[in-house]
Every structure is written in C-alpha cells, then in structure tokens.
Amino acid sequence: MTFLDKLKRKAEELDLHRKADQLADAAAKAAQQARDKAAELADQHRDKIGDVVDKAGAAIDERTQGKYAGRVAKAKVQVAKGVDKLAEQRPHRGAPLPPQDAAPRPPQDAPPRPPQGAPSSPTSGPPTPPSVPPVSPPPPPASPPLPPPSPYDTP
C-alpha cells in the first residue's frame, strides 16, 4: 500500500470530505452574514460616510495645496458609488425602505443622478466621465510647513 493510498484511507476513516464541506458551508454563511451587515451599516450611515470622505478630501486638498484636487474629487465619487452599491445589497427583511429624503447626498463634484426608476437616456458611444470643475487653491496654511520627507520614505 502506497503512502497516497494510506492517506486516502485515513481521510475516509475520519470523514474529512464531509467535514470540509461543512466547513465550507459555514464559511460561506459567515461571509454572507458579514456582507449583509456591511451593506446594512453602509445604508444606515451613508451621510456619515459622506461627511468623513468630504473631510478627508478637504484635508488632502489643504495639505497638498490643491495639487491633487481632481484625483481627490474622482476618489470621492468612486467612494460614494461604492457605498451606494454596497448599501443596495442590504437584506430587506420586511423592513420598509428609508424615505427618499434620507438618501445620501452626492459629493459636491458629482454630476446629478437621475431619479430612481427613471429611464436612462440613450447615448451614442462610451459614457463620458464626469467633469471636475477647476478648484482654486486654498489659502496658505496657518501652521508651519511640513518637514521634508525622510530618505526612508518610499516615493
């Protein structure tokens, strides 16, 4: 009897295939529960998430003196889309949907979204990305400038 045969026989003896299936099912159930909870929290706290993203974007713009304002605006739009997508996946356990006025506000730079259920207008060609309005540089910071980067920092 070869080593592989002994290994197969021991796996059958310990019923490892069934146990592995049970573990996989439990892991899938736990992952689904985590997704449901994340979606529920994203739906409940859309406005708070938007406020934090706005504050973070303002802080980045301030520290970089608006150098990356376009990228920050695009990132804010993508975060808002991600939160919306996650929140839409929340389980509806017979609970009523939140009122429309509780919907998250889009970032200041985001294009207006059509009302839910409205037919989309036909377009020719690929969709165009939203344009980002020019941003005037913020006033100079009141605090002293940041120290120069360390030679050990990665670019």
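Further up the page is the structure itself.
**A short note on the overall build of the chain**
So, step 1. When helices and strands are tallied, the chain shows 4 helices and 0 strands.
So, step 2. Counted from the first residue to the last, the chain has its helices and strands arranged as α-α-α-α.
So, step 3. When the 155 residues of the chain are sorted by exposure, 13% land in the buried category.
So, step 4. For the chain, long-range pairs separated by at least 24 residues make up 72% of all intrachain contacts whose partners lie at least 6 apart in sequence.
So, step 5. For the chain, the accessible area works out to roughly 13100 Å², and carbon and sulfur atoms hold 61% of it.

**Considering helix α3 (residues 46-63)**
So, step 1. The end-to-end C-alpha distance of α3, which contains 18 residues, comes to 26 Å, matching closely the 26 Å that a straight helix rising 1.5 Å per residue would cover.
So, step 2. When α3 is considered as a whole, its buried residues turn out to be R46, V53, D54 and G57. Angular distribution of buried residues about the axis of α3 spans 100°; they occupy a single face of the element. Among the exposed residues of α3, those pointing more than 90 degrees away from its buried face are V52, K55 and R63.
So, step 3. On its buried side, α3 packs onto α2 (16-44) and α4 (69-88).
So, step 4. Q65 sits one or two positions beyond α3 and adopts a positive phi of about 55°.

**Focus: the pattern of salt bridges**
Side-chain pairs of opposite charge can arise whenever the charged atoms involved come near each other.
So, step 1. Applying the stated criterion across every chain, the model contains 6 salt bridges.
So, step 2. Residue K10 is joined to E13 by a salt bridge in which the shortest nitrogen-to-oxygen separation is 3.2 Å. Separated by 3 residues within a single helix, K10 and E13 lie in helix α1 (residues 3-13), roughly one turn from each other.
So, step 3. Notably, a salt bridge pairs D54 with K76, separated by 3.7 Å at the nearest N-O pair. Here K76 lies in helix α4 and D54 lies in helix α3, a separation of 22 residues in the sequence.
So, step 4. For D54, a relative accessible area of 18% gives the class buried.
So, step 5. Taking the relative accessible area as the measure of exposure, K76 reaches 13% and is therefore buried.
So, step 6. A single salt-bridge network, built from bridges that share partners, covers D43, R46, D84 and R90.

**Here we look at α4**
So, step 1. With 20 residues, α4 ought to run about 28 Å at 1.5 Å a step, and its terminal C-alpha atoms sit 29 Å apart, in line with that.
So, step 2. Every buried residue of α4 is accounted for by A69, V72, A73, K76, V77, V83, D84 and A87. Axial view of α4: buried residues confined to an arc of 140°, hence all on one face. Structural note: α4 exposes R71, K74 and K85 on the side pointing more than 90 degrees away from its buried face.

**Focus on the packing of α2 against α3**
So, step 1. Where α2 meets α3, the closest approach of the two axes is 4 Å, and the angle between their N-to-C directions is 75°. Taken together, α2 and α3 sit at an angle that is classed as roughly perpendicular. From α2, A42, D43 and Q44 reach across to α3, where they touch R46, D47 and I49.
So, step 2. Taken together, the residues that form the contact of α2 with α3 break down as 2 nonpolar, 1 polar and 3 charged.

What counts as what
- In every chain, residue numbers begin from 1 and rise along the written sequence.
- The model is predicted, so local features are restricted to residues of pLDDT at least 70 and side-chain atom pairs to those at 80 or more, both for listing and for counting; the totals for chains, interfaces and linings are taken over all residues.
- By convention in this description, side-chain values take in all heavy atoms of the structure and omit both hydrogens and water.
- Secondary structure elements follow DSSP: runs of H or I of four or more residues count as helices, runs of E of two or more count as strands, with numbering from the N terminus.
- Burial classes: relative accessible area under 20% of the type maximum marks a residue as buried, over 50% as exposed, and values in between as partly exposed (1.4 Å probe, protein chains only).
- Here a residue-residue contact requires only that any non-hydrogen atoms of the pair lie within 4.5 Å.
- What sets the accessible areas is the Shrake-Rupley method with a 1.4 Å probe; for residues, cover comes only from the shown protein chains.
- Expected helix span is computed as 1.5 Å times (number of residues minus one).
- Read the arc as the range of directions from the helix axis to the C-beta atoms.
- Between Lys or Arg on one side and Asp or Glu on the other, a salt bridge is scored when a side-chain nitrogen of the former is within 4 Å of a carboxyl oxygen of the latter.
- A fitted line through C-alpha atoms serves as each axis, taken over the contacting stretch for helices, and the angle formed by two N-to-C directions is quoted from 0 to 180°.
- Relative orientations are named as follows: roughly parallel for angles under 35 degrees, roughly antiparallel for angles over 145 degrees, roughly perpendicular for angles from 65 to 115 degrees, and oblique for any other angle.
- When residues are sorted by character, Ala, Val, Leu, Ile, Met, Phe, Trp, Tyr, Cys and Pro go into the nonpolar class, Asp, Glu, Lys and Arg into the charged class, and all the rest, Gly among them, into the polar class.

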